[in-house]
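Working through the structure, step by step
For reference, the chains in residue letters:
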Amino acid sequence: MSGLNTCELLVDGRIYGGWLEISVERSIEQIAGSFELQLTARWPGADVAQGLREGLPCEVRLGGETVLTGYVDSYEPDLTSASTGIRVSGRCRTGDLVDCAAIYKTGAWRGVKLDRIVRDIVAPFGLKVEVAPGVDMGETFKRFALEDGERAFDAIDRACRLRAILCTSTPAGNVLLTLASDESTGVSLREGVNIKRIQAVHSWKERHSLVILKAQTPGDDDESGAAAAQLKVTAKDAEINRYRPLVVMAEHHTSSGSLADRAAWEVKVRMGRGKRGRLTVVGWRTGKDGMEGPLWKPNTLVRVDSGRMNLDDDMLIVACSYQLSGSGLATELTFVRREAFELVEGASRPRLGKRLSDRTNRDKTKRGDGFTSSWDLTPPEEANR
């Protein structure tokens, strides 16, 4: 196996290689990437990797490129009379945000933007916050407060949802605030050519005909009286044709404008998560035979062409799982329509609606009257107060 396609675990300056089975996953839907590495020697008395134990800081490298920086969660030796084996698993440094409580002074902020709140929460964990180029942090929070016993990532995720921002991690283990990317891999994946397997899930389970967001905010020059005491906006998923309402209680100190954006975003994300696919390709890389070129990365666009899936479009990769098994190297890509992660606000709303409408009309023309592809996303109806 070439150096571009090897997996190494770096712990305390020492490199551990020779893994026979690996799974390394990164996703824009999760704050922490994860890994699991396994090695089995088919003879007794072989040395179990020395120096490995739970809790140690580590890096996972694929072809010399760091894809995850974090800690060993579990170290599991497995010794028999006929073999020696180990399994090592862990997560990105940001995994501590998932496990641990958020603690910050009085637990409340006033008049600050999203990135300031996130930086204050992650600072005790020794993590930095990066903001992707061109990403606007949105309105200043009039007030944001931690809930009793709330975990760090839950608080961050709650604040990010109010500004329709994605919170994930970097290969170096820091927090990244971003949006759905328009960066293309420049690769076309075609059924029967370079797709080993393709699957899809189309589900209404987490989708709702009506999403109602409620919040409260102190009165000011913009919001006063009854309007400030109880803010309420709605957004509809036009594809859900039976009564399925959902009430979401947002952070109680917000504005009606932010709440309307959040309602539309909530519908679109649920729509996108209800229409997703997963495919497997050979190798970990985007070039020839999966063995050359850059690694596959989440939050990039790839063309997916599958006649039997009724799909031929640019799709957003939301997760990459790099794998090694007895069958060789492979990458499992989870993908959705990019629109599922776009923030709907201001001037972009009508343009987005027109783009989706035009695409749906083209599909109907190509495939016959009255037919709508199951991959189409219907824009949420304008949020109303």
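Being a predicted model, the structure only gives us computed values, none of them experimental.

**Some words on the overall build of the chain**
- Scanning the chain from N- to C-terminus turns up six helices and 21 strands.
- Counting the 385 residues in the chain, one finds 49% classified as buried.
- Accessible area of the chain: about 18,400 Å², with a carbon and sulfur share of 47%.

**Concerning the sheet that holds strand β15 (residues 210-215)**
- The three strands are arranged β16-β15-β17 in an open sheet whose pairing can be described as mixed. Every other strand in the sheet has two partners, leaving β16 (231-236) and β17 (245-249) as the edge strands with one partner each. In this sheet, adjacent strand axes meet at a mean angle of 20 degrees when their direction is disregarded.
- The strands touched by helix α5 (residues 256-273) within the sheet are β15, β16 and β17, with β16 carrying the most contacts at an inclination of about 30 degrees.

**Thoughts on the confidence of the model for the chain**
- Chain-level statistics for the chain give a pLDDT mean of 85 and a share of 83% at 70 or above.
- Segment residues 344-372 is flagged for pLDDT under 50; beyond a separation of four residues in sequence, or across chains, it makes 33 contacts in the model.

**Structural notes on the packing of aromatic side chains**
- Here the structure, examined in full by the defined rule, presents three aromatic pairs.
- With 4.4 Å between their ring centres and 5 degrees between their planes, Tyr104 and Trp109 make a pair best called stacked. Just as Tyr104 is buried, Trp109 falls in that class too.
- Relative to Phe144, the ring of Phe141 has its centre 5.6 Å away and its plane inclined at 70 degrees; by these criteria the two rings are edge-to-face.
- Given the relative accessible area of 0%, Phe144 is considered buried.
- Among the aromatic residues, those joined into a cluster by ring pairs are Tyr104, Trp109, Phe141 and Phe144.
- Sitting above the plane of the Phe141 ring, Arg163 keeps its charged end 3.9 Å from the centroid.

**Description of the side chain of Thr94**
- Within the secondary structure, Thr94 sits in the loop between β7 (84-92) and α1 (95-99).
- Here Ile31 takes part through its backbone oxygen, which lies 2.6 Å from a polar atom of the side chain of Thr94.
- Contact partners of Thr94, with chain neighbours within four places excluded, come to Ile31, Ala32, Leu127, Ser169, Gly173, Asn174 and Val175.

Conventions adopted
- Throughout this description, residue numbers start from 1 for each chain and increase along the sequence as written.
- The predicted origin of the model limits local features to residues at a pLDDT of at least 70 and limits the giving and counting of side-chain atom pairs to 80 or more, whereas totals for whole chains, interfaces and linings rest on all residues.
- The side-chain numbers reported here are obtained from all heavy atoms of the structure, hydrogens and water having been left aside.
- The way it works is that DSSP assigns letters per residue, a run of H or I at least four long becomes a helix, a run of E at least two long becomes a strand, and they are numbered from the N terminus.
- Partly exposed residues are those whose accessible area sits between 20% and 50% of the maximum for their type, while under 20% is buried and over 50% is exposed, using a 1.4 Å probe and protein chains only.
- Residue-level accessible areas treat just the shown protein chains as cover; the underlying method is Shrake-Rupley with a 1.4 Å probe.
- Pairing between two strands is assigned when DSSP locates at least 2 bridges connecting them.
- For every element, the axis is a line fit to its C-alpha atoms; helices are fit only across the contacting stretch, and the angle between N-to-C directions ranges from 0 to 180 degrees.
- Contact between two residues is taken to exist if any of their heavy atoms lie within 4.5 Å; hydrogens are not considered.
- Per-residue confidence from the predictor is reported as pLDDT, which spans 0 to 100.
- Here is the rule: rings of Phe, Tyr and Trp (six-membered ring for Trp) pair when centre to centre is within 6.5 Å. Planes less than 30 degrees apart are stacked, more than 60 are edge-to-face, and the remainder are tilted.
- A ring is scored as having a charge over it whenever the NZ atom of a lysine or the CZ atom of an arginine sits within 6 Å of its centre and within 35 degrees of its normal.
- Here a polar contact is taken to be a pair of N or O atoms separated by no more than 3.5 Å, where protein atoms must pair a possible hydrogen donor with a possible acceptor and residues adjacent in sequence count only if both atoms sit in side chains.

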